[in-house]
Amino acid sequence: MILTLVDVAECIAATGIADRSHIYVGRMPDKKPCSIGIYNLDRQQVQNTVGGRTNSSYRIKPVSILVHWNKSSKDTELKAAAVYDAVAVLRNAQAGGNRILFTDMHTDTPVDVGMDDGMVYEMVIEADFYYERKD
């Protein structure tokens, strides 16, 4: 069973950092303020396991998290930091029938990507979700 973006969204919502109704998967229709978008990270993940994939006990889900918050750079930075911290400490979390073992953050902090066309500040968090392999 693979870990899906919906599973990641549910896991983030379970941390209490944001209401699930404000966490979008794959796209953000109308880009409402105070929303979080969960996307597949566009890169291939190389899994170096001795004996090949069949001998691996885990899989990796590369994810990009967009924190699309409000017109205050400070509020957006604080919310993005809170989301980052919540994701960074995930250990043995359940998500969609999968057990997330841990996350590997790609940067030390969320990355500021400026404002969208509506002048809402955005920050991006990239992480690899390591989860227990079941197939």
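Values in this document were obtained by computation on a predicted structure and should not be read as measured data.

Definitions and cut-offs
- Residues numbered from 1 in each chain as written.
- Predicted model: local features only at pLDDT ≥ 70, side-chain atom pairs only at ≥ 80, totals over all residues.
- Heavy atoms only, no water.
- Buried < 20%, exposed > 50% of the residue type's maximum accessible area, 1.4 Å probe, protein only.
- Helix = DSSP H or I, 4+ residues; strand = E, 2+ residues; numbered from the N terminus.
- Salt bridge = Lys/Arg side-chain N within 4 Å of Asp/Glu carboxyl O.

**A short note on helix 1 (residues 5-14)**
At 3.6 residues per turn, the α-helix brings residues three or four places apart onto the same side.
And step 1. The buried fraction of helix 1 is high, at 7 of 10 residues.
And step 2. The complete set of buried residues in helix 1 reads Leu5, Asp7, Val8, Ala9, Cys11, Ile12 and Ala13.
And step 3. Of the residues one or two after helix 1, glycine 16 is the one with positive phi, at around 85 degrees.

**As for the pattern of salt bridges**
Any two side chains of opposite charge can pair, so long as their charged atoms come close to each other.
And step 1. Counted by the stated rule, this structure contains 3 salt bridges.
And step 2. Its salt-bridge partner being glutamate 10, residue arginine 20 comes within 3.1 Å of it at the nearest N-O pair. Here glutamate 10 lies in helix 1 and arginine 20 lies in the loop between helix 1 and strand 1 (23-25), a separation of 10 residues in the sequence.
And step 3. By relative accessible area, which is 40% here, glutamate 10 ends up partly exposed.
And step 4. With its nearest N and O atoms 2.9 Å apart, the salt bridge here joins glutamate 122 to lysine 31. On the criterion of sequence distance, the pair formed by glutamate 122 in strand 7 (residues 121-132) and lysine 31 in the loop between strand 1 and strand 2 (35-40) is long-range, its members being 91 residues apart.
And step 5. Classification of glutamate 122 by relative accessible area gives buried; the value is 8%.

Geometry only, nothing functional implied.
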